[in-house]
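The residues making up each chain are set out below.
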Amino acid sequence: METPYSRMVKAMREEGEHNNAFEMAVCIVTSIDPVAIVYNNVPIDHNIYCNEGWIYPEDPLDGILEGEKYLSEGLKSYLSELNGKLKIQPGDTVAVQRVGNSFLIMGKVVMM
């Protein structure tokens, strides 16, 4: 026998499934030019989006830091090193959010 409460719960479950987004996934970067990943054991090489500063080898940060006379050499060195660690390379593990048929690289992740 179906009660009003069970009908309401059933309707909420059905509607919730329809509107739920994909879960975030941990993927492996297989290429940078063009950007490609392995998403749930499926190679993906199109509709991938990420911060372009993470993939381009020519980075204006070093030139900007050289022109900054009020920053200490230690801070310049730290910022340059940190920026290099943020760059995505083939073999890196990244967090990816799927939105429809697009894949958004949210950043590098480290397994602990």
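Residues numbered from 1 in each chain as written. Predicted model: local features only at pLDDT ≥ 70, side-chain atom pairs only at ≥ 80, totals over all residues. Heavy atoms only, no water.

Visitor: Looking at this structure, I do not really get the nonpolar core. What am I missing?
Guide: The nonpolar side chains of a soluble globular protein tend to be buried, and buried together. If you look at the biggest cluster of nonpolar residues, it comprises 16 residues, and the most contacted ones within it are Ile-37, Tyr-39, Val-96 and Ile-105. Elements represented by at least two residues in this core include exactly strand 1 (25–32), strand 2 (35–39), strand 5 (93–99) and strand 6 (102–108). Considering every element that reaches this core, the biggest residue donor is strand 1, with four residues. Aside from chain neighbours lying at most four places away, what touches Tyr-39 is Phe-22, Glu-23, Ala-25, Cys-27, Ile-44, Val-96, Arg-98 and Phe-103. (Core = buried A, V, L, I, M, F, W, Y, C linked by side-chain atoms within 4.5 Å. Buried < 20%, exposed > 50% of the residue type's maximum accessible area, 1.4 Å probe, protein only. Helix = DSSP H or I, 4+ residues; strand = E, 2+ residues; numbered from the N terminus. Contact = heavy atoms within 4.5 Å.)

Visitor: What am I meant to see in the environment of Ile-28 here?
Guide: Examined against the element boundaries, Ile-28 turns out to sit in strand 1. Its relative accessible area of 37% is what places Ile-28 among the partly exposed residues. Sequence separation of Ile-28 and Gly-74 is 46 residues, and the distance between their C-alpha atoms is 33 Å. With residues near it in sequence (within four places) discarded, Ile-28 still touches Ala-36, Ile-37, Val-38, Gly-91, Asp-92 and Thr-93.

Visitor: Would you mind showing me how to read the side chain of Lys-76 here?
Guide: For Lys-76, the location among the structural elements is in helix 3 (residues 73–86). If near-sequence neighbours (up to four positions away) are discounted, Lys-76 is found in contact with Leu-65, Glu-66, Glu-68 and Leu-71.

Visitor: Looking at this structure, how should I read unusual backbone geometry?
Guide: Backbone phi values are negative for most residues with the exception of glycine, while trans is the configuration of most peptide bonds. Residue Pro-34 is bonded to the preceding Asp-33 through a cis peptide linkage, with omega at 0°. Relative to the assigned elements, Pro-34 resides in the loop between strand 1 and strand 2. One non-glycine residue, Asn-40, lies in positive phi territory at about 50°. In this structure, Asn-40 sits in the loop between strand 2 and strand 3 (42–44).

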